[in-house]
Amino acid sequence: MNMSQGAVHIPPGLEYLSMINQLLIHQKSEYLEAFTGIETRNKYHIKNNLGQHIYYAREESDWFTRNYCGPTRPFHLRIFDSHKHEVIHLYRPLAGDNYNYSCSVQRIEVTLPPGHLVGTVEQDWSFHSQGFSVKNANGEFVLRIQGPCSGVSGWGDVNFDIISVDGSAKLGSITKQWSGFAREAFTDADDFRINFPMDLDVQIKAVVLGACFLIDMMYFER
């Protein structure tokens, strides 16, 4: 399957994704959350490799699910451009912890406003590995994401490799970056770096961005 955008029309708001092969995601630290333990809505800045702002992301969820469902909570995540126009919409439905609900896997849906589905990311259920399938709008497998087989550690960088469907080639990565003991210990604000091929379809780049937020919520939200 050719995943290059070629001459395909690029949806409004995603033009910039066609020109980059790396994204930096920085979660905003919430002092109320750090000092009280009350979970607040997550907010993120999305930048290019020069540190220039590209997008801003904001979680939409209610107080009850944030504080009682924790990292398994359902949420909407709206991603805005510099003109405050929503360009990507993510929806993560409620799903149980995979160690307790063997038939309930984690997934996130990626749409372009006003509701055009471009792809999904679905957890590959396993007791001992962290894997995900990336699908396009037709439900076809286009990429896989494979995390560390030994489990996700809270210390140091953690890499999730983006690989071809048949597993023969590594195409990029989603890396949770270590941000220092103080920030890691007292907040759940995380930093990520995404690398993907320059010529990857921009809509699939948007789906990979959605995968990053799902990984953050599943493994690093405390």
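Whatever comes next refers back to the structure up there.
> Kindly report on the side chain of Q106, identifying the contributing residues and their values.
Residue position: Q106 is located in the loop between β5 (86-92) and β6 (107-112). Separated by 2.6 Å, the side chains of Q106 and R92 make a polar contact.

> With reference to specific residues and values, describe the sheet that holds strand β4 (residues 75-80).
Pairing within the closed barrel is antiparallel, and its 12 strands lie in the order β1-β2-β3-β4-β5-β6-β7-β8-β9-β10-β11-β12. Ignoring which end each strand starts from, the neighbouring axes of this sheet average 20 degrees apart. Lying on the sheet, helix α4 (residues 202-220) is in contact with β1 (22-27), β2 (43-47), β3 (53-60), β4, β5, β6, β7 (116-124), β8 (131-136), β9 (141-146), β10 (158-163), β11 (170-177) and β12 (191-195); it crosses β7 at an angle near 40 degrees.

> Would you mind going over the pattern of salt bridges in detail, with residue names and values included?
Counted according to the given criterion, the structure contains 11 salt bridges. A salt bridge links E122 to K135; the nearest nitrogen and oxygen atoms lie 3.1 Å apart. With E122 in strand β7 and K135 in strand β8, this residue pair connects regions lying 13 residues apart in the sequence. One salt bridge connects D124 with R144, and the closest N-O pair in it is separated by 3.8 Å. Of the two residues, D124 sits in strand β7 while R144 sits in strand β9, which places them 20 residues apart along the sequence. Residue classification places D124 among the partly exposed residues on the basis of a relative accessible area of 28%. Put simply, R58, E60, R78 and E86 are held in one network by salt bridges that share partners.

> Go over unusual backbone geometry, please, and point to the residues and values.
Note that the residue after P113, namely P114, is joined by a cis bond; omega there is 10 degrees. Residues other than glycine seldom take positive phi values, yet K84 does so here, at roughly 65 degrees. Structurally, the position occupied by K84 is in the loop between β4 and β5.

> If you had to explain the pairing of β2 to someone new, which residues and values would you point to?
What you see with β2 is a clean split: Y44 and I46 sit on the buried side and K43, H45 and K47 on the side with no burial. By the bridge criterion, 4 bridges tie β1 to β2 in an arrangement that is antiparallel. Bridged to H26 within β2 is H45. Note: β2 against β3, 5 bridges, orientation antiparallel.

Each value, and the rule that gives it
Counting restarts for each chain, with residues numbered from 1 along the sequence as it is written. In keeping with the predicted nature of the model, local features appear solely for residues at pLDDT of at least 70, side-chain atom pairs appear and are counted solely at 80 or more, and the whole-chain, interface and lining totals rest on all residues. Hydrogens and water molecules were not included; the side-chain quantities draw on all heavy atoms of the structure. Only runs of H or I of at least four residues qualify as helices and only runs of E of at least two qualify as strands under DSSP, and these elements are numbered from the N terminus. We call two N or O atoms a polar contact when they sit within 3.5 Å, provided that within protein one can donate a hydrogen and the other can accept it, with sequence-adjacent residues counted only if both atoms are side-chain atoms. Strands pair, by our definition, only if DSSP identifies at least two bridges between them. For helices, the fitted axis covers only the stretch in contact; all axes are lines through C-alpha atoms, and the angles between them, taken along N-to-C directions, range from 0 to 180 degrees. Here, residues are in contact when the closest pair of their heavy atoms is within 4.5 Å. By convention in these notes, a salt bridge is any Lys or Arg side-chain nitrogen within 4 Å of a carboxyl oxygen on Asp or Glu. Summary of the burial criterion: residues with accessible area below 20% of their type's maximum are buried, those above 50% are exposed, and those between are partly exposed, where the area comes from a 1.4 Å probe applied to protein chains only.

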